[in-house]
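Fold and contact review
Listed here are the chains, written in short residue letters.
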Amino acid sequence: MKSNFTPEHLKYLRKQKRRTVFVHISQIGVLVALLCLWELAAQLQWIDSFITSSPSRIWNTLAELVQNGTLWHHVWVSTWETVVGFAIGTTLGYCVAVILWWNDFLRRVFEPYVVVLNSLPKIALGPIIIIWAGTGKASIITMAVLISVVITTITILNGFTETSNEKQLLLRSMGANKFQIFTKLVAPSNVPTLMATLKINVGMAWIGSIMGEYLVSKEGLGYLLIYGSQVFRLDLVMTCTIVLCLLAGVMYALVAFLEKIAVKKFDI
Amino acid sequence: MTVLELKNISKVFYSKTQQTVAVSNMSFDVNEGEFVAIIGPSGCGKTTILSLIAGLIAPTEGEIVTQHANAIGYMLQRDQLFEWRTIEKNVCLGLEIKHKLNAQTKEYADELLKKYGLWEFRKRYPQELSGGMRQRAALIRTLATEPDLLLLDEPFSALDFQTRLEVCDDVYSIIRKESKTALLVTHDISEALSLADRVIVLTARPATVLTVHSPGLNGIETPLKRRESPDFSAQFELLHRYLHGEKNEK
């Protein structure tokens, strides 16, 4: 392919590539600069590193947590809760959307309930969840599910109802029943919607699991964060925050990768 | 033989604030192998008539007689190809829906693809094809279920003028080669004249048959040549007067 390109075209491509590389370098540069400034400020005692911590102290805390094995345990617990909450929330939300799309009467009946549930701050349900689901993992997963399920239903249902009327008409003229309209048209044409929802739900599930851990848990990164702040170990709090950033980033990247594959196949 | 017969069809739509009579006491028939066009002022309920014939909505009054139930192929405005399916899979959509996809019907679909120049593109996706090819794929999708009657709802309206003339020729010759009966609705007089054996002129809403006109251009084999024939403009003016005169009376 590339051999067909004119020299001007190749020059243009090189220029574009240079720009992209420059953006990446700058992104890393910003991070490095911030870390250096932070460390310098702490070393020179412009800031009180007991309150702000510092990159070197975070690094030491991280090494310590890795060495005594506690980090992996907490990471594993939080990730597991998040992934389970994410999976249940998304599946449940999708199923509810299918039911509400299928039955117009039910959709009209439940629309206001869905809207109210969506605007309700789920953290307000914390006390109820603790009493009903106990103080274990069940509560945390329930929280993650609650946060992701309603937004999933709303987004997916919106996609379903916006499916091309003409294409539905075409299928009906071929004698399609509702099940066929769903499997041949509505579901495949909404794969991009589903992918966008998955991306939103990565964030939602993490909010749910960390909030859940704040409320009840004895383990997990949310617990470690609360514990760190209670004993005033800001090093621990900062370390957990950074680990969380990395975990959420990795999970988001995985979903984005999945989206790339799916959208290639189903883009409209 | 009559493939389709409409007997005193009326259709009323109801809404919260009013009722609208879309079609009133309409009768006409379509014979086997005929190409019939329905023209009428825009918004007069042409699409409603096709929906009634396709059985998507029920008439308020009257009766629609078709030879075989479910033997209708509906071609809508724009091609409505599914972007996530290959051309081959798009063409087989109707067969899949009717649970009729087997070796025999597949072979017929393949044959159509070969005959009409889409065989090399069968593994491609619709966005890789030109507007004209997409329209041809949509026609093959309609033909694959071997309908007795084709319903065409302004199938060329989304195309630019140049492409429209080509696709029009293309679609016409395929329909003739497969000796299908076709019913076209359009607001474009020249399109109706260049394609149809018989033109049914409708009144404004509530739609009813104003007149049935046979342009007498049947001897000329392609739509493009019909457009060039000396009779064409006289026929055009005649039909235009029907439509226009109707408006003036209001």
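As the structure is a prediction and not an experimental result, all values here were calculated from the model.

What follows covers the overall build of chain A. In terms of regular secondary structure, chain A is built from 12 helices and 0 strands. At 24 Å, chain A has a C-alpha radius of gyration far larger than the 18 Å of a compact globule built from 268 residues. Considered along the principal axes of its C-alpha atoms, chain A spans approximately 75 × 70 × 30 Å. Pairs at least 24 residues apart make up 72% of the contacts formed inside chain A by residues separated by at least 6 positions. Total accessible area computed for chain A in this model is approximately 15800 Å², and 70% of it derives from carbon and sulfur atoms.

What follows concerns helix H5 (residues 131-144) of chain B. Residue and element names in this part refer to chain B. Across its 14 residues, H5 extends 20 Å between first and last C-alpha, which sits within 8% of the 20 Å expected from 1.5 Å per residue. Burial runs high along H5: 13 of the 14 residues are buried. Following H5 by one or two positions, Glu146 adopts a phi angle in the positive range, close to 50°.

Let us now look at the interface of chain A and chain B. Each side of the interface is counted separately: chain A has 20 residues, and chain B has 17 residues. Interface area, chain A with chain B, both sides summed: about 1800 Å², of which 67% is carbon and sulfur. Per-residue buried area on chain A facing chain B is highest for Leu170, Met174 and Lys184 of chain A; these three make up 34% of the total on that side. Ionic pairing is found between Lys184 of chain A and Glu96 of chain B, a salt bridge with its closest N-O pair at 2.7 Å. Counting across the chain A and chain B interface gives 6 residue pairs in polar contact (both at pLDDT 80 or more). Here the side of chain A that touches chain B gets 7 residues from one element, more than from any other, and that element is helix H8 (residues 165-173) of chain A. Across the side of chain A that touches chain B, the residue classes tally to 9 nonpolar, 5 polar and 6 charged.

Moving on, we come to the pattern of salt bridges. Residues and elements named next belong to chain B. All told, the structure shown has 17 salt bridges over all chains when counted by the stated rule. Taking the shortest distance from any N to any O, the salt bridge between Lys123 and Glu88 comes out at 2.9 Å. Of this pair, Lys123 sits in the loop between helix H4 (103-115) and H5 while Glu88 sits in helix H2 (residues 87-91), placing them 35 residues apart in sequence. For Lys123, a relative accessible area of 55% corresponds to the exposed category. Assessed through its relative accessible area of 12%, Glu88 is described here as buried. Across the pair Lys115 and Glu178 runs a salt bridge whose closest N-O atoms are separated by 2.9 Å. Placement of Lys115 in helix H4 and of Glu178 in the loop between helix H6 (161-177) and strand S7 (181-186) is noted, with a sequence separation of 63 residues between them. Judged by its relative accessible area of 47%, Lys115 falls in the partly exposed class. Here Glu178 falls in the buried class, since its relative accessible area comes to 14%. In the salt-bridge network here, residues are joined through shared partners; they are Glu88, Lys106, Asp110 and Lys123.

Core analysis: the largest hydrophobic core is formed by 53 residues, its most contacted members being Leu171 of chain A together with Phe28, Ile49, Ile53, Leu149, Leu151 and Leu183 of chain B. Sorting elements by how many residues they give to this core places helix H7 (residues 137-161) of chain A first, with 7 residues. In this structure, Ile87, Ala138, Ala144 and Ala182 of chain B belong to the second largest nonpolar core, which totals 45 residues.

This part takes up the domain arrangement of chain A. Per the domain assignment, the segments making up chain A are domain 1 (2-47) and domain 2 (56-266). Relative placement of domain 1 of chain A and domain 2 of chain A: their C-alpha centres are 33 Å apart.

A separate point is the packing of aromatic side chains. Counted according to the given criterion, the structure contains 10 aromatic pairs over all chains. Pairing Trp101 of chain A with Trp102 of chain A gives two aromatic rings, centres 5.9 Å apart and planes at 85°, and the pair type is edge-to-face. For the ring pair Phe82 of chain B and Trp84 of chain B, a centre distance of 5.1 Å and an interplane angle of 35° mean the geometry is tilted. By relative accessible area, Trp84 of chain B is classed as buried at 9%. An aromatic cluster is built from Tyr94, Trp101, Trp102, Phe160 and Phe182 of chain A, whose rings are joined through pairwise contacts. Just above the ring of Trp101 of chain A sits the side chain of Lys178 of chain A; from NZ or CZ to the centre is 4.8 Å.

Residue and element names in this part refer to chain B. Reading across from one edge, S2-S1-S4 is the order of the 3 strands in this open sheet, with antiparallel pairing throughout. If you trace the sheet from one side to the other, it starts and ends with strand S2 (19-31) and strand S4 (61-66), each paired once. Looking at each pair of strands side by side, their axes are set apart by 15° on average, direction ignored. As defined by bridge partners, strand S1 (residues 2-14) adjoins S2 across 9 bridges and the pair is classed as antiparallel. Its bridge partner lying in S2, Phe13 is registered against Thr20. Sitting on the sheet, helix H1 (residues 46-53) is in contact with S1, S2 and S4, with an inclination near 120° to S1.

To continue, consider the packing of helix H4 (residues 70-102) of chain A against helix H11 (residues 221-230) of chain A. Two packed helices can be described by the angle between their axes and the distance between those axes. Residue and element names in this part refer to chain A. Running from amino to carboxyl end, H4 crosses H11 at an angle of 125°, the nearest separation of the two axes being 7 Å. With respect to their mutual orientation, H4 and H11 come out oblique. Each of His74, Val75 and Ser78 in H4 lies in contact with H11, whose residues at this interface are Leu221, Gly222, Tyr223 and Leu224. Among the residues forming the contact of H4 with H11, the class breakdown is 4 nonpolar, 3 polar and no charged.

Parameters at a glance
- Residues numbered from 1 in each chain as written.
- Chains lettered and ligands numbered in written order.
- Predicted model: local features only at pLDDT ≥ 70, side-chain atom pairs only at ≥ 80, totals over all residues.
- Heavy atoms only, no water.
- Helix = DSSP H or I, 4+ residues; strand = E, 2+ residues; numbered from the N terminus.
- Rg over C-alpha atoms; globule rule 2.2 N^0.38 Å.
- Contact = heavy atoms within 4.5 Å.
- Areas by Shrake-Rupley, 256 points an atom, 1.4 Å probe, with all protein chains shown as cover.
- Expected span 1.5 Å × (residues − 1).
- Buried < 20%, exposed > 50% of the residue type's maximum accessible area, 1.4 Å probe, protein only.
- Buried area = accessible area lost by both parts, 1.4 Å probe.
- Salt bridge = Lys/Arg side-chain N within 4 Å of Asp/Glu carboxyl O.
- Polar contact = N/O pair within 3.5 Å; in protein donor to acceptor, adjacent residues only side chain to side chain.
- Nonpolar A, V, L, I, M, F, W, Y, C, P; charged D, E, K, R; others polar.
- Core = buried A, V, L, I, M, F, W, Y, C linked by side-chain atoms within 4.5 Å.
- Domains from an automatic or database assignment.
- Phe/Tyr/Trp six-rings, centres within 6.5 Å; stacked < 30°, edge-to-face > 60°.
- Lys NZ or Arg CZ within 6 Å of the ring centre and 35° of its normal.
- Pairing = 2+ DSSP bridges.
- Axes fitted to C-alpha atoms, helices over the stretch in contact; angles between N-to-C directions.
- Parallel < 35°, antiparallel > 145°, perpendicular 65-115°, else oblique.

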